[in-house]
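Structural overview for review
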Amino acid sequence: MATTDLDSPAVGVTEFTAESPVEDRYGPPLSGELAELERVLASGRLSGGAAVVADYERALAGWFGVTRAIAVSSGSSALHAALVAAGVKPGDEVLLPATAPLPTAMPILTCGAIPVIVDVVPVGLAMDPADVAAKVTGRTAAAVSLPLWGYPADDRPAKEVLDAAEIPLIEDACQAHGTRVDGRYAGTLGTAGCFSTHERKLLATGEGGFVLTNDEEFGERFDFYTHLGHLRGGHGVNYKLAAPLAAIGRRRVDGLEAQLRARAANAARLRNVLVAGGPLIELPVGADDSPNYYTFVLRAARSAGEIAAAFTDAGLAPDSVRFGYRPLYHRPLFAPYATDCPNAEALAATTLQLPVHPGLSPRELEWIADRIARFARGMGSR
Ligand SMILES: *Cc1c(COP(=O)(O)O)cnc(C)c1O
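Residues numbered from 1 in each chain as written. Predicted model: local features only at pLDDT ≥ 70, side-chain atom pairs only at ≥ 80, totals over all residues. Heavy atoms only, no water.

Here we take up the overall build of the protein chain. Along its length, the protein chain carries 13 helices and 12 strands. The C-alpha atoms of the protein chain give 21 Å as radius of gyration, which agrees with the globular expectation for 382 residues (21 Å, within 12%). When the backbone C-alpha atoms are referred to their principal axes, the protein chain occupies close to 70 × 55 × 35 Å. Within the span of the protein chain, comprising 382 residues, buried residues form 54% of the whole. By element, 54% of the accessible surface of the protein chain is carried by carbon and sulfur atoms, the whole surface being about 16,300 Å². For the protein chain, the distance from the average position of its 34 positive side-chain charges to the average position of its 44 negative side-chain charges is 3 Å. (Helix = DSSP H or I, 4+ residues; strand = E, 2+ residues; numbered from the N terminus. Rg over C-alpha atoms; globule rule 2.2 N^0.38 Å. Buried < 20%, exposed > 50% of the residue type's maximum accessible area, 1.4 Å probe, protein only. Areas by Shrake-Rupley, 256 points an atom, 1.4 Å probe, with all protein chains shown as cover. Lys, Arg positive; Asp, Glu negative; His and termini not counted. Charge placed at Lys NZ, Arg CZ, Asp CG, Glu CD.)

The full count for this structure, using the stated rule, is 19 salt bridges. Among the salt bridges present, the one from D182 reaches R156, with a minimum N-O distance of 2.8 Å. Pair noted here: D182 is in the loop between β6 (180-181) and β7 (184-185) and R156 is in helix α6 (residues 156-164), with a separation of 26 residues, a long-range link. You can call D182 partly exposed: its relative accessible area is 36%. Judged by relative accessible area, R156 falls into the partly exposed class, the value being 40%. Note that R250 and D254 form a salt bridge whose closest N and O atoms lie 3.4 Å from each other. (Salt bridge = Lys/Arg side-chain N within 4 Å of Asp/Glu carboxyl O.)

Turning our attention to the environment of V237. Its place among the elements puts V237 in the loop between α7 (216-226) and α8 (243-253). V237 sits in the buried class, given a relative accessible area of 18%. With sequence-adjacent residues up to four places away left out, V237 is seen in contact with Y225, T226, H227 and L228. (Contact = heavy atoms within 4.5 Å.)

What follows concerns the confidence of the model for the protein chain. The predicted model of the protein chain averages 93 in pLDDT, with 94% of residues at 70 or higher. Across residues 1-14, where pLDDT falls below 50, the model places 9 contacts with residues more than four positions away in sequence or in other chains. (pLDDT = per-residue confidence, 0-100.)

By nearness alone, 14 residues border the ligand, and G75, S76, D172, S196 and K201 come closest of all. The separation between an oxygen atom of the ligand and a polar side-chain atom of Q175 is 2.8 Å. Contacts to the ligand include K201, whose side-chain N or O atom sits 2.9 Å from an oxygen atom. Relative to its unbound accessible surface of 380 Å², the ligand loses 88% to contact with the protein. Mapped onto the shell around the ligand, the elements with two or more residues apiece are α3 (75-85) and α4 (102-110). For the shell around the ligand, the element with the most residues is α3, which contributes 3 residues. (Near = heavy atom within 4 Å. Polar contact = N/O pair within 3.5 Å; in protein donor to acceptor, adjacent residues only side chain to side chain.)

Right, let's talk about the nonpolar core for a bit. Counting residues in each nonpolar core, the largest one holds 76 residues, and the members touching the most others are I368 and I372. Element by element, the count of residues in this core is highest for helix α13 (residues 362-378), at 8 residues. Dropping the residues within four chain positions of it, I368 is found in contact with V22, L270, F311, L316, L354, P355 and L360. By size, the runner-up hydrophobic cluster in this structure holds 29 residues, among which are A50, F64, V66 and Y185. (Core = buried A, V, L, I, M, F, W, Y, C linked by side-chain atoms within 4.5 Å.)

With that out of the way, let us pick up the environment of P318. Along the chain, the position of P318 falls in the loop between α10 (305-313) and α11 (319-322). Those residues in contact with P318 that sit more than four places away from it in its chain are A308, F311, T312, L352 and Q353.

Below, the discussion takes up the environment of S43. Looking at the element boundaries, S43 is found in helix α1 (residues 33-43). Only 3.1 Å separates the side chain of S43 from the backbone nitrogen of R45, close enough to count as a polar contact.

What follows covers the sheet that holds strand β11 (residues 296-300). In space, the 3 strands of this open sheet follow the order β10-β11-β12, with antiparallel pairing throughout. Sheet topology places β10 (280-282) and β12 (351-354) at the edges, where each strand pairs with a single neighbour. Going across the sheet, the axis of each strand differs from the next one's by a mean of 30 degrees, ignoring polarity. Note: β11 against β12, 4 bridges, orientation antiparallel. Paired with V297 across the bridge in β12 is Q353. (Pairing = 2+ DSSP bridges. Axes fitted to C-alpha atoms, helices over the stretch in contact; angles between N-to-C directions.)

The mixed open sheet is built from 7 strands, whose spatial order is β1-β9-β8-β5-β4-β2-β3. Across the chains shown, the open sheet's two edge strands, defined by having one partner strand only, are β1 (68-72) and β3 (114-118). Across the sheet, the mean angle from the axis of one strand to that of its neighbour is 25 degrees, orientation sign disregarded. In terms of strand pairing, strand β2 (residues 93-97) meets β3 through 5 bridges, oriented parallel.

It is worth spelling out the side chain of H357 at this point. Secondary-structure assignment places H357 in the loop between β12 and α13. For H357, a relative accessible area of 4% gives the class buried. Of the polar contacts made by the side chain of H357, one reaches the backbone oxygen of E23; its length is 2.8 Å. Excluding residues that lie within four positions of it along the chain, H357 makes contacts with E23, D24, R25, Y26, R263 and N266.

It is worth spelling out the pairing of strand β4 (residues 140-145) at this point. With 6 of 6 residues buried, β4 is to be regarded as a mostly interior element. With 3 bridges connecting them, β2 and β4 associate as parallel partners. Note on β4: the bridge partner recorded for L95 is A143. Both β4 and strand β5 (residues 169-172) contribute to a ladder of 3 bridges, which runs parallel. Pairing of A143 across the sheet is with L169, part of β5. A crossover connection joins β4 to the parallel β5 through α6; in handedness this β-α-β unit is right-handed. (Right-handed = clockwise from strand over helix to strand, strands pointing away.)

Laid out in structure tokens, this is it:
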């Protein structure tokens, strides 16, 4: 691999700027998708009932080690249908962490249910089990947990509280394909895991999503609801994934493992420039947990504002700036559900996310590492 001398950039090589930014979007190289698409088009079976959709679902279930995967039209439809299949009815309450972005929370409103926002633990993305216990009521029908940015959310303590009250846990693992908690994949810890295959996600089909479950009855209810009630008279919606998108997904599942390795290697390169005891650390994860490195997340000792602004000015807006991450109740739509969440506030104020996708050139990666290094050395007390 080529090395880059940062102090004396090659003559004629432009700096990355807001006009020629580091590409934060990743499209994997083609690996048989076109042949798969040709087969599907030639078959004339383009709907969600085509055999390739079932093939894709089997491949997903196999990769994640669950009994059932059901493909749907988006991560949002996976979340909505999972809540319905979990028994959430209008007027019910659904717990979710304050770190939830709008797409995690909106499906709760789609159900006509009431979001009940809980704080996260002081370190990490897991729901605070004490706050969960305090906010469970007789109307709580489900909880949605969130391994945000591809980082693990160890929700086992919260799940104990939920299990005791017989409340199902739905994971919004839309950013967390391949993230592990205690060795187990995010999205396989509760009743169901919801995933997106939007173009920005690790497994990308354009639009699309899927649910994972080991609960046979839940799987049947989810399938029934998302497939028009199997046209047997029960109420359902049409959330089926179209065959051409399943064909793309079927090929790309096979590339997930290599992608995870490449992302972890890039993350290791960035981690390498952090200074022990310095003002910047990687967002901490448990000893048996591993991110999928959807993004690389830095946590600053006080505020991440200065370093996020420096990256933005230099042409690489962190997701915190691009998507305006902040606790959910700061959004007007969810302001009526505001509650005190100091840990989520601190997390939003101190973190920033940077790309480590496999499409980064060595020069782009070194550019990011160099900028982190300036802050890892330059801020703080020394
Ligand atoms: C992308 C995403 C969604 C929504 O997925 P779509 O496929 O875009 O509907 C939901 N939650 C999270 C955390 C996401 O990142």
